[in-house]
Structure formats: structure tokens, C-alpha cells
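# Notes for the structure review
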Amino acid sequence: QVQLVESGGGLVQPGGSLRLSCAASRSMDIMGWYRQAPGKQRELVAEAPRGGRTNYADAVKGRFTISRDNAKNTVYLQMNSLKSEDTAVYYCNARLFFATKYYWGQGTQVTVSS
């Protein structure tokens, strides 16, 4: 079993920034972030494969940056120029290459509001 512990959510004004962190209990090949807004399906925000190219949802390209510290088994999501439509619960995700099992964090609320 893999545990993912998230931190960094909160309330921010439009145009502001937040940084999310997610620490895994072991090394994982792919780490990323998903989000789920009320009444909507969970969607990919960004993911960072070990040694591979990062991938972003179109809605966050140019505003969000994903990075990982493999020595700490940690993935970060730097969110800039936040918009009200970014409001959602953000979930950390991790999996191994060629595996079908996804591991999820507990979720952290991000609210963008004035």
C-alpha cells in the first residue's frame, strides 16, 4: 500500500498563487494532480513521469507548474494566476509504469474567491 499525504490548499484571491505538496511513502514512477469541482468529474491537472515529459491540462498551461523531488518522493504543484474556475478539491495521484492501480491522496481544498 502507498500513502500520499497532501498539503498546501486554502483560500486565495483571484490572481493569487498557491503551492501544493504531496509526499509518497515510497518511490513512484508517475506522480500528478487531479481536481474535482462540485458537480463535475475528476480531471487531470498535471502529471510528471519519472524521467519523462510533464503533461498539463489545457486549462492550466502557462499558469501551473508541476515538479518532483525524487529524493523525497514528493511532487509539487505551483499554481499562479489562479481563477475562480480553479476552485476544486485537488487530489494527488501516483502509480507505477504499466500498472493499472492508482493511488490517491485524501484531497486538499483550493478555493479562489474575492
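Cut-off values and rules
Residues numbered from 1 in each chain as written. Predicted model: local features only at pLDDT ≥ 70, side-chain atom pairs only at ≥ 80, totals over all residues. Heavy atoms only, no water. Salt bridge = Lys/Arg side-chain N within 4 Å of Asp/Glu carboxyl O. Helix = DSSP H or I, 4+ residues; strand = E, 2+ residues; numbered from the N terminus. Buried < 20%, exposed > 50% of the residue type's maximum accessible area, 1.4 Å probe, protein only. Pairing = 2+ DSSP bridges. Axes fitted to C-alpha atoms, helices over the stretch in contact; angles between N-to-C directions.

## Looking at the pattern of salt bridges
Evaluated as defined, the whole model comprises 6 salt bridges. Ionic pairing is found between Asp86 and Arg35, a salt bridge with its closest N-O pair at 2.9 Å. A residue pair is termed long-range when its members are at least 10 positions apart, and Asp86 in the loop between strand S8 (74-79) and strand S9 (88-95) and Arg35 in strand S4 (residues 30-36) qualify at 51 residues. Of the residues examined, Asp86 reaches a relative accessible area of 0% and is grouped as buried. Owing to a relative accessible area of 7%, Arg35 belongs among the buried residues under this scheme. Put simply, Lys61 and Asp58 hold a salt bridge, and the shortest N to O gap is 3.1 Å.

## Looking at the sheet that holds strand S3 (residues 18-24)
Strand order in the open sheet formed by 4 strands is S1-S3-S8-S7, and the pairing between neighbours is antiparallel. Two strands in the sheet have a free side with no partner beyond their single neighbour: strand S1 (4-7) and strand S7 (64-69). Mean inter-strand twist for the sheet, computed between neighbouring axes without regard to direction, equals 15°. Both S1 and S3 contribute to a ladder of 4 bridges, which runs antiparallel. In the strand pairing of S3, Glu6 is matched with Cys22.

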